[in-house]
Amino acid sequence: MATVTDLQTKYSKLAQEYSKLRAQNQVLKKAVVDEQANSVSLKEQLKQRDQSLRKQEQEMDSLSFRNQQLAKRVELLQEELATSEAKGKKGKSKGDSPSQHGLQTQNVFDEDLQKKIEENERLHIQFYEADEQHRRQEAELRTRLQELEKDSDQHQAVVDGLTTKYMENIERLQSDKARLEVKAQTLEREAKECRMRTEECQQQLRRCQSELNKQVKQSSSVIQEKVPFNDTKFSDYNSLNVPPHNRRHQIKSRDVAGQALSFIQDLVAALLNFHSYTEQRVHIYPLDSSIEPISPLNQKFSQYLHENAAYVRPLEDSFLQLHESITEDTVTVLETVVKLKSFADNFSSYTHFLQKILPYQLKSLEEESDAALSTAALTAKNQELQSDMKRITSVFEKLKNYINLLALPSVQQDAMPQSSTSAVFTQLAACLHSLHDAIKEMSKHYNQKAGLEQELPTITQKLCTTSECLLGSLGSLTSSTGKIATFFSNNLDFFTSSGYSTRTSTLALNPLQAESMLANKKKAAAYIQAIKKPRPQSVAYKEALTNRRILTSSTESREGLTQQVMQSQEKIARLEQEKEHWLLEAQLGKVRLEKENQRIADLEVQLAAALGGSPNSLTAAASTLAQSHEEAEMEQKAAGKEATLCTSLVGMLCTTSTVEHVGDEESREQLIKTHYMVRVGELTTQLQISDSKAVHFHSECRALAKRLAIAEKSRETLSEEVKVANQNITRLQDELTTTKRSYEDQLSMMSDHLCSMNETLSKQREEIDTLKLGSKGNAKKNKGR
């Protein structure tokens, strides 16, 4: 059975590795597809660049043709100028009017020629600049295309290697599956045989139990009628006041304690995760400790949260000791369970820890509400979370009191009657349900708060990841508390029942009576074994040995099967926890992948805009320049109007003598004062607007700095992942070469072996042929004789 469990664990590990590798293969395939799409887009951009180059070449050809035409035009004009100069020299004697006309025409031709030359130079300069810019862009795009092709080749090689590895893993897993199926069939056959044997053993056990019950009834009737055990001096030692040992109660107690231990372990794991992720969140929000120091209050709070394991771990350890103290050979009541006191003490220390960190939790939520980017909805959710934390702490205080009351009878005898015990158990069950409701309410409020925080502009990836992990821990805490509450409610009748009762009284069992009961049990067992030997109707020794072997084998097989069932249940619970953890990890990976793809898309858009947006940038710069000129002109006009208005107002006050208040200095000063006060108010409003803009820009710069730091960290992690992938590739290549060499060596050895076998076969055939020929010759000689 151990080999089967080992094979099952190996098979589960191989399946997990296969699922991980398959997920990595899908991610790499997506990356290869993205790189191929990028290469296709870059090829299209290269085609567009080639088209623009062809257009520019056509324009250059047209410009060169135009230049040739202009050159011919210049030559014709020069020839005409020369002919006109020659004619001018010949016709100087004819008068002044023709020479003046020739000079005018010559000046016109010179101006035209100068303009054409300047235009030609300007076109040459523009053409050269466009040609240089196009060459630079073409070189950059080619280098980028080569890099992307190299990346795509590398990704394709990685994908090919991983596919081969996956195929090998699939083949190996299929072979393991077939082998395990064969073993499972054999084990099923063995299990069927064991079932048959157990049925036979159970039948024999029933017969033995029926016989033993008859004997017990006979002996008990004899004891009750004829054998009195009355101790008149010490009533505590009277056997009639000692209850009988209840083995079923002990088995039920151990089973219930085992179930409670599994639930306590889940609760401890959930509490550890909740406190750890709360500590991480304190270091991230509202201030990131990696960028700037957090407040002293949060530092103290994180220090206390860092010590949570010292208060949470002892709960699991003390309850484990309590579970180990409950066996079939002990008496399990509140008066004898001494280990319950240590669990109560540890639970009290954890409750004190919650009370100690409660004010820090409330102050931390108040700091989050007082942050600069906090909204009214977030403030309301923080207030709700404060009330939830107060409620949870009060519920833990009630649980501490009830558990201390239950642990009191093990320390002090006659501390609590049976009716009070049942009432305490009932109140404890109700308190567990209220704890589940409070944690469920806090989980709901925190989920709503996380949704509101994701809508903030300055939210970071680290904070999102921590919030999601914190929500997962709250979900596991809610499920574990719900399981504990339902478990306690279902077993409330068992907890309130006494389990042990005496014949003469219904009082609680004290430790002295428990010790005497266990001693009487041992004496009764020894007495029954002693009186069985001299009886004539006893079973033969060999038959008794065979019966004992059958019984021990059946009990051992039953115990082994129960242990296997318990181990499988624990394994299923652990696998469910791992499943929840990996589901959370997968969701986080999806969120990270989407954000990384969005960032890559943004970078590609920016790269495309930077590479192909030169004419657009020129037009945008021209438009922005024109807008700035227009705004400057508008401001100058507005300033001019204000200046004329102010000067006109002052001039009217200074120069006009036909106003009602002529020479009234007080009214003049009042008007000037009001005018400058209005101007001062406008300037103060402008100053406030500029201050608010500066604060806004400062916050944006801080957010951008944080994003830059996060991007750098993500880049470092990605570079490390690339290094790890390269190392894996090299390792796989080395493994491939070693396997190739081993296969080649094996093939060479097999070929040598085949050659040697062929040689031996040929030699044997030759020997057989010679022997046949010799036998034929001997036969002929014998016939001739």
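Right, let's walk through the structure included here.

Rules and cut-offs
The written sequence of each chain sets the order in which its residues are numbered from 1. Selection of residues for local features in this predicted model requires a pLDDT of at least 70, selection of side-chain atom pairs for listing and counting requires 80 or more, and totals for whole chains, interfaces and linings are taken over all residues. Only hydrogens and water are removed before side-chain values are computed, so all heavy atoms of the structure are retained for them. What counts as a helix is a DSSP run of H or I of at least four residues, what counts as a strand is a run of E of at least two, and both are numbered from the N terminus. What makes two residues a contact is simply this: any of their non-hydrogen atoms within 4.5 Å. All axes are obtained by fitting lines to C-alpha atoms, using only the stretch in contact for helices, and the reported angles, taken between N-to-C directions, cover 0 to 180 degrees. Put simply, angles under 35 degrees are roughly parallel, angles over 145 are roughly antiparallel, angles from 65 to 115 are roughly perpendicular, and the rest are oblique. Whether a crossing is left-handed or right-handed is set by the direction in which the near helix is turned from the far one by less than a right angle, anticlockwise for left-handed and clockwise for right-handed. Throughout, the ten residues Ala, Val, Leu, Ile, Met, Phe, Trp, Tyr, Cys and Pro are labelled nonpolar, Asp, Glu, Lys and Arg are labelled charged, and all others, Gly among them, are labelled polar. Whenever a carboxyl oxygen of Asp or Glu lies within 4 Å of a side-chain nitrogen of Lys or Arg, that contact is scored as a salt bridge. Accessibility here uses a 1.4 Å probe with only protein chains present; expressed as a share of the type maximum, an area under 20% marks a residue as buried, one over 50% as exposed, and anything in between as partly exposed. Put simply, a nonpolar core is a bunch of buried Ala, Val, Leu, Ile, Met, Phe, Trp, Tyr and Cys residues held in one set by side-chain atoms that sit within 4.5 Å of each other. Put simply, two rings from Phe, Tyr or Trp (the six-membered ring, in Trp's case) pair if the centres are within 6.5 Å, and we call them stacked under 30 degrees between planes, edge-to-face over 60, tilted for the rest.

### Some thoughts on the overall build of the protein
And step 1. When its secondary structure is counted, the protein shows 14 helices and 0 strands.
And step 2. Restricting the contact set of the protein to residue pairs at least 6 apart, pairs at least 24 apart contribute 87%.

### Considerations on the packing of helix H6 (residues 339-369) against helix H7 (residues 376-407)
And step 1. Look at H6 against H7: their axes get within 9 Å of each other, and the N-to-C directions meet at 170°. Our classification of the angle between H6 and H7 gives roughly antiparallel. Between H6 and H7 lies a crossing of left-handed hand.
And step 2. A class-by-class count of the residues in the contact of H6 with H7 yields 16 nonpolar, 11 polar and 6 charged.

### Notes on the pattern of salt bridges
And step 1. If you walk through the whole model with that rule in mind, you get 16 salt bridges.
And step 2. We note a salt bridge from Lys449 to Glu453, for which the minimum N-O separation is 4.0 Å. In this pair, Lys449 and Glu453 both sit in helix H8 (residues 418-454), 4 residues apart, roughly one turn of the helix. Considered together, Lys449 and Glu453 belong to a single accessibility category, that of buried residues.
And step 3. Between Arg715 and Glu712 there is a salt bridge, with its nearest N and O atoms 2.7 Å apart. A residue pair is termed a helical-turn pair when its members lie 3 or 4 positions apart in one helix, as Arg715 and Glu712 do in helix H14 (residues 665-784) at 3 residues.
And step 4. Within the structure, one salt-bridge network assembled from shared partners comprises Asp131, Glu132 and Arg135.

### Some words on the nonpolar core
As a rule of thumb, nonpolar side chains are buried together in soluble globular proteins.
And step 1. Core analysis: the biggest nonpolar cluster contains 66 residues, and Leu340, Tyr350 and Leu399 have the highest contact counts within it.
And step 2. With 13 residues, helix H3 (residues 247-284) is the largest single contributor of residues to this core.
And step 3. Those residues within four positions of Tyr350 in sequence are excluded, and the remaining contacts are Leu271, His275, Tyr311, Val312, Leu315 and Phe396.
And step 4. Leu28, Val32, Val159 and Tyr166 belong to the second-largest nonpolar core, a separate cluster that totals 7 residues.

### A few points about the packing of helix H4 (residues 296-306) against H6
And step 1. Two elements in contact, H4 and H6, have axes separated by 10 Å at closest approach and are oriented at 145°. In the packing of H4 onto H6, the handedness of the crossing is left-handed. Facing H4, whose interface residues are Leu297, Asn298, Lys300, Phe301, Tyr304 and Leu305, H6 presents Phe353, Lys356, Ile357, Tyr360, Gln361, Lys363, Ser364 and Glu367.
And step 2. A breakdown of the residues in the contact of H4 with H6 according to their chemical character gives 7 nonpolar, 3 polar and 4 charged.

### Notes on the environment of Val331
And step 1. Mapped onto the elements of the fold, Val331 is located in the loop between helix H5 (309-325) and H6.
And step 2. Owing to a relative accessible area of 7%, Val331 belongs among the buried residues under this scheme.
And step 3. In the structure, Val331 is positioned 78 residues away from Ser253 in sequence and 9.7 Å away in space, judged by C-alpha atoms.

### Regarding the packing of aromatic side chains
And step 1. Evaluated as defined, the whole model comprises 12 aromatic pairs.
And step 2. Here the aromatic rings of Tyr311 and Phe353 are separated by 4.7 Å at their centres, their planes lie at 20°, and the arrangement is stacked. Here Phe353 lies in helix H6 and Tyr311 lies in helix H5, a separation of 42 residues in the sequence.
And step 3. Classification of Tyr311 by relative accessible area gives partly exposed; the value is 22%.

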